[in-house]
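Observations on the model geometry
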Amino acid sequence: MEEKNKTSIKPTFNSEGLLIPKDLITSMGVDDFENCELTLKVENNSLVISKKESTSKLMKKFGYLKGEEKPGLTEMDWGIDVGHEKID
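Residues numbered from 1 in each chain as written. Predicted model: local features only at pLDDT ≥ 70, side-chain atom pairs only at ≥ 80, totals over all residues. Heavy atoms only, no water.

Let's shift gears to the overall build of the chain. A count of helical and extended segments in the chain gives two helices and four strands. The helix and strand sequence of the chain, counted from the amino end, reads β-β-α-β-β-α. Going through the 88 residues of the chain one by one, you find that 3% of them count as buried. Considering only contacts within the chain whose residues lie at least 6 apart along the sequence, 4% involve residues at least 24 apart. Carbon together with sulfur atoms contributes 53% to the accessible area of the chain, which is approximately 9,100 Å² in total. (Helix = DSSP H or I, 4+ residues; strand = E, 2+ residues; numbered from the N terminus. Buried < 20%, exposed > 50% of the residue type's maximum accessible area, 1.4 Å probe, protein only. Contact = heavy atoms within 4.5 Å. Areas by Shrake-Rupley, 256 points an atom, 1.4 Å probe, with all protein chains shown as cover.)

Right, let's get into unusual backbone geometry. If you check the backbone angles, Asn-44 has positive phi at about 50 degrees while not being a glycine. Structurally, the position occupied by Asn-44 is in the loop between strand 3 (38-43) and strand 4 (46-51). Classification of Asn-44 as exposed rests on a relative accessible area of 80%. Phi is positive for Asn-45, close to 65 degrees, though the residue is something other than glycine. By secondary structure assignment, the location of Asn-45 is in the loop between strand 3 and strand 4. For Asn-45, a relative accessible area of 78% corresponds to the exposed category.

Quick look at the pairing of strand 3 now. Bridge count for strand 3 against strand 4 is six bridges, and the pairing is antiparallel. Across the sheet, residue Leu-38 finds its bridge partner in strand 4, namely Lys-51. Where strand 3 hands over to strand 4, the hairpin turn is made up of two residues, of which Asn-44 adopts a positive phi near 50 degrees. (Pairing = 2+ DSSP bridges.)

Next up on the list: the pairing of strand 1 (residues 9-12). Direction of pairing for strand 1 relative to strand 2 (residues 15-18): antiparallel, over a ladder of four bridges. Looking at the pairing, Ile-9 lines up with Leu-18 of strand 2. Linkage of strand 1 to strand 2, two consecutive antiparallel strands, is achieved through a turn of two residues, within which Phe-13 is found at a positive phi near 50 degrees.

The next thing to look at is the confidence of the model for the chain. Summing up the model confidence of the chain, the mean pLDDT is 78 and the portion of residues at 70 or higher is 70%. Mean pLDDT values over the elements of the chain span from 69, in helix 2 (residues 57-62), up to 90, in strand 3. (pLDDT = per-residue confidence, 0-100.)

Structure below.
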């Protein structure tokens, strides 16, 4: 059985705050504490905290992964070779 950590609820602004030990958060796979979103839900009288699956910054920027077809991009025909280019 895993060790249980204790914490308490503290008033923060217009909500209630819960301090979670860093080792518990990192064991969930959270490494970016400022930009990580967590989901909270109550199940069987227990608070369940889950890390929201996120998309990488590159995926957000470009919208595809290596090896996948790039959305909106098609191969272009540039015509016949002109000059001394070497194209394999």
